[in-house]
Amino acid sequence: MNVKAEIDHATGLLTSAGPGNLSSGMEDLSDFACRAAEIEQALETLANLAGKGTRRSVQRLQDELAGFEPCVTVLGQVKSGKTTLLNAMAGWADLLPSDVNPWTSVVTSLHLTPGQKRAENGAKFQFMTEDEWDRLTSKGGRLGELAGRAGADSELQKIQHQLETMREKSRKRLGRKFELLMGQEHEYSYFDKNLLERYICLGDDFGDDSDAPADDGQGQFADITRSADLYLNCRTVPHRICLRDTPGVNDTFMMREMITIKAVRDSRICVVVLSAAQALTTVDLALIRLISNLPSRDVVIFVNRIDELSDPVNQIPEIEDSIRETLQAHDGPAEAEIIFGSAYWANKALSGKLDDMPDVSADALLAITNDLLGTTRIDRQPADQIWDMSGLPALMQALSQRIVDGLGTPLLEKLASSAVSIATSQQAAQSVMIEAGDHGANLSGYDLRKEFEQIARTHLDGFGSEIDEIIADFHLRADRAHENFVERSTHSLLTHLERFGPDLVWEYTPTGLRVLLRSAYSSMGARIRKAAEQRYEAAVTDTAHLLYRGFGKMVEGIQIGVPAVPDIPAPVALGQTIALDFNDSWWVMWWRKTRGYKAFAKQFRELIRAETEDFMTQMKDAQTGDIRTAVLKELQGFLDQQHDVLTDLISGRQHGENIETLFQAPAGQDCHGSLDTAIETFRRYSS
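Residues numbered from 1 in each chain as written. Predicted model: local features only at pLDDT ≥ 70, side-chain atom pairs only at ≥ 80, totals over all residues. Heavy atoms only, no water.

1. Section: a negative patch on the surface
Stated formally: Residues with no salt bridge and a relative accessible area higher than 30% make up the patches, which join like charges within 9 Å and nonpolar side chains (Val, Leu, Ile, Met, Phe, Trp, Tyr) within 5 Å. For the accessible areas, the method is Shrake-Rupley and the probe is 1.4 Å, while residue cover comes only from the protein chains on display. Salt bridge, as used here, is a side-chain nitrogen of Lys or Arg placed within 4 Å of a carboxyl oxygen of Asp or Glu. Only four residue types enter the charge count: Lys and Arg as positive, Asp and Glu as negative, with His and the chain ends excluded. To locate a charge, take atom NZ for lysine, CZ for arginine, CG for aspartate or CD for glutamate. A run of DSSP states H or I qualifies as a helix once it reaches four residues; a run of E qualifies as a strand once it reaches two. Both are numbered from the N-terminal end. Buried, partly exposed and exposed residues are distinguished by accessible area as a fraction of the type maximum, computed with a 1.4 Å probe on protein chains only: under 20%, between the cut-offs, and over 50%, respectively.
Taken together, the side chains of Asp 311, Glu 318, Asp 321 and Glu 325 present a region of like negative charge at the surface. Along the chain, Asp 321 falls in helix H11 (residues 312-329). Using a relative accessible area of 47% as the deciding quantity, one classes Asp 321 as partly exposed.

Structural data, given as structure tokens:
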């Protein structure tokens, strides 16, 4: 249907509904989806031709490809427009409520699947555990713990008052169901606005003083919901993708801080949403600390709300300069890509409601359009033009490039390399079947299996010991850095007291500790990567030698690829806030309540040790544990695959005479041709 566009006299822009270029910027991701589909088809062919043993390995590759869902985590301050931006990225203006109350600590994940028909497929809501709720209500969350240690009694009283209100509201909302819900999940085969508001939006239904539980209205479960997963078809995305909305980093209880840190740790790509009116100032230290531990290539900064700028053409360059200066001054990812835009404009384009735009927003849109195009008259559909001006295509292009280059292409190369090994082993297995008894082997099937089990055990145990030794060295270095920091800072405190006395407030930044820990972590990651490369290569060599000893020249065509070393995740736990990060009234209160040199030193030691204990544990145990699991899993997967290959080769040698005629028949020739085609596909994509 052709829509006749008209000029809107209020803005001078053409008016129509619904942009037709929602997939603009996702060309790279679309190309990747085509390549992934080709690999998927070749794997299906290989699965149909593989032996019983290697079919399991092919299935693992198929599962890994089918489960590939790149995740983009969105970070920012409360009310920076994160949720509005996510709605625009999903092409669904009213998908998520954009007024989530600051007291809810909900990570909301949108699982988008390509589909011609936009539809909600399901939802899952996870509630807090009893320990999480107890930490929040008994200690005031991270902020309450910090206030108690720092001696900020007035702040602690404010938090306790807020918590009492929160507990009372929760009791009225849930009644006797409260205890039963802790740690549970609610799953639905659909979701809509009302359902979302029940779980992630805090309502205002407490006018009734009765003790009766609240009905199933807005915000019923909001206080205790920890995360929400929403599953939906999206006609704009060419490949599966997860968009993760996180709570703001400047919330009341700082309990969200750990939730947000975990979300970042589970994701490789982050979008930092800033408000153009505030941009990134030195006040936003929590956000800077968090992203400073991420590589620049994994961070995209989206400066939202340019529709609120009075002079966007001149203000945007100034804002970008200010952001880069602030990032550089605070050791942030200075080379991160910065994109300016307006989620408000994007959602206006999606909804088609272009005629009720405020004057300041319309003026900003006209100014930017004229600056980029040299005119305010548009020959395209206005919704399409506004969509482009909103910055969403540029943002999706940046994300698509990072998904494909950093995650997608390496995955296809890895899967293709493994598939080449499996497919060429099938060719060798067929040769063994046809020419059984003439391969020069001097090892029985039993001996082959026994030797391979010994190879696998040697490499897994040896690699595990190597990793443990590297991690133990990291623990020593991290503990030494931690202890040195405490000693240096305590010495600085005492020197300050000797020179200036207790009247002048002493300040000390923990940046040095974070730098030392980051350096130690980086060194550990490099050592583990090197050890993994050597171990993987040794495992490949030993496996190849064993196959040749068992089957001779028949296995010369098998290509065994060296497994790719998993990426070492960024040490995002270092972004956690500690008392020394507050150069404000908190620190002043702690300072003035402490008397005497020894009291200062003793209390400071206790404070800094307690404050750093949590992120030291995260760094030393949680993150290193994840790394250990990942690199060992990669080796285990390779060995499992080679075990399946060996099983099929042995089976081919044992039963070759019985099925020799299979590969001489026309059907057998077709099998050979299909296998050759699949191998050609895998080789084209393998590294």
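So, next bit.
2. Here we look at the pattern of salt bridges
Under the definition given, this model contains 20 salt bridges. Here Glu 337 and Arg 402 are joined by a salt bridge, their closest N and O atoms 3.2 Å apart. Note that Glu 337 is positioned in strand E11 (residues 337-340) and Arg 402 in helix H15 (residues 392-434), a separation of 65 residues in sequence. Since its relative accessible area comes to 16%, Arg 402 is described here as buried. Ionic pairing is found between Asp 479 and Lys 620, a salt bridge with its closest N-O pair at 2.7 Å. In this pair, Asp 479 sits in helix H16 (residues 445-500) while Lys 620 sits in helix H19 (residues 597-655), placing the two residues 141 residues apart along the sequence. Residue classification places Asp 479 among the partly exposed positions, given a relative accessible area of 33%. Among the residues examined, Lys 620 registers a relative accessible area of 17% and is labelled buried.

3. Description of the sheet that holds strand E8 (residues 241-245)
Note the following rule: For two strands to pair, DSSP has to find at least two bridges joining them. Fitting a line to C-alpha atoms yields each axis, with helices limited to the stretch in contact; the angle taken between N-to-C directions then spans 0 to 180 degrees. Whether two residues are in contact is decided by their heavy atoms: any pair within 4.5 Å suffices.
Here 9 strands make up an open sheet; going across it, the order is E6-E5-E7-E4-E8-E3-E9-E10-E11 and the pairing mixed. Since the sheet does not close on itself, it has two edges, and those belong to strand E6 (185-188) and E11, each with one partner. Here the average twist between neighbouring strands, direction ignored, is 20 degrees. Summarising the sheet, strand E4 (residues 107-114) and E8 pair through 5 bridges and their orientation is antiparallel. Note that in E8 the partner of Leu 110 across the bridge is Leu 243. Along the sheet, H11 contacts strand E9 (269-275), strand E10 (299-304) and E11; its crossing angle with E11, the most-contacted strand, is approximately 150 degrees.

4. Quick word on the nonpolar core
As a reminder, the rule being used: For this analysis, a nonpolar core means a set of buried residues of the types Ala, Val, Leu, Ile, Met, Phe, Trp, Tyr and Cys, connected via side-chain atoms within 4.5 Å.
Leu 110, Ile 301, Ile 323, Leu 395 and Phe 682 are the most contacted members of the largest nonpolar core, which has 119 residues in total. Looking at this core, the element that brings in the most residues is H15, giving 16 residues. What Leu 395 contacts, discounting residues up to four positions off in sequence, is Leu 85, Met 89, Val 271, Val 300, Phe 302 and Ile 339. Phe 485, Phe 604, Ile 627 and Val 631 belong to the second largest nonpolar core, which has 54 residues in total.

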